[in-house]
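Architecture at a glance
Residue strings, one per chain:
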Amino acid sequence: MSWLTPKREILIGVIGVTRAGKAAFISRATGRTDLYIGDDLESRTHEVLPIPFRLDGQKVTLIDTPGFDDTYQSDADILQLVAD
């Protein structure tokens, strides 16, 4: 069933409102402990941040994004960051 195994890197954008737990999800999914996970209402992710890892031998990149209703950027600015 080789058609089930992608040959290319899998890119997954993790998008949601500020404080939804995007960085915490990425940390758990990747096993990374060096990611900053906010514990207050202020936005912590200010730019798009790719987090590559391997899953069953396949290269996967989860892409952390600033949250909607961000402290510092408008939703339109965040969508533009993700699109770029």
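Coordinates for the structure precede this section.
Residues numbered from 1 in each chain as written. Predicted model: local features only at pLDDT ≥ 70, side-chain atom pairs only at ≥ 80, totals over all residues. Heavy atoms only, no water.

1. What to know about the side chain of Lys22
One can find Lys22 in helix H1 (residues 22-30). The buried charged residue Lys22 lacks any salt bridge partner; its closest oppositely charged side chain belongs to Asp64, at an N-O distance of 5.7 Å. Within polar-contact distance, the side chain of Lys22 engages the backbone oxygen of Val17 at 2.8 Å. Setting aside its immediate chain neighbours within four residues, Lys22 contacts Val14, Ile15, Gly16, Val17, Asp64, Thr65, Pro66 and Gly67. (Helix = DSSP H or I, 4+ residues; strand = E, 2+ residues; numbered from the N terminus. Buried < 20%, exposed > 50% of the residue type's maximum accessible area, 1.4 Å probe, protein only. Lys, Arg positive; Asp, Glu negative; His and termini not counted. Salt bridge = Lys/Arg side-chain N within 4 Å of Asp/Glu carboxyl O. Polar contact = N/O pair within 3.5 Å; in protein donor to acceptor, adjacent residues only side chain to side chain. Contact = heavy atoms within 4.5 Å.)

2. Here we look at the side chain of Thr61
In this fold, Thr61 is placed in strand S3 (residues 58-64). Thr61 gets classed as buried once you look at its relative accessible area, which sits at 4%. Side chain to side chain, Thr61 and Glu9 meet in a polar contact 2.2 Å long.

3. Quick word on the sheet that holds strand S2 (residues 49-55)
Here 3 strands make up an open sheet; going across it, the order is S1-S3-S2 and the pairing mixed. Whereas interior strands pair on both sides, the edge strands pair on one side only; in this sheet they are strand S1 (10-14) and S2. Recorded for the sheet is a direction-independent mean angle of 25 degrees between the axes of neighbouring strands. Bridge count between S2 and S3: 7 bridges; the pairing is antiparallel. What sits directly across from Pro50, in S3, is Ile63. (Pairing = 2+ DSSP bridges. Axes fitted to C-alpha atoms, helices over the stretch in contact; angles between N-to-C directions.)

4. Regarding the nonpolar core
Among the nonpolar cores identified, the biggest contains 7 residues, and these are Val14, Ile26, Leu35, Ile51, Phe53, Val60 and Leu62. Those elements that place two or more of their residues in this core are S2 and S3. When near neighbours in sequence (up to four residues on either side) are disregarded, Leu35 contacts Ala23, Ile26, Ser27 and Ile51. (Core = buried A, V, L, I, M, F, W, Y, C linked by side-chain atoms within 4.5 Å.)

5. A word on unusual backbone geometry
Phi is positive for Arg19, which is not a glycine, with a value near 75 degrees. Tracing the sequence through the fold places Arg19 in the loop between S1 and H1. Of note, the phi angle at Asp56 is positive, near 50 degrees, even though the residue is not glycine. On the secondary structure map, Asp56 appears in the loop between S2 and S3. For Asp56, a relative accessible area of 78% gives the class exposed.

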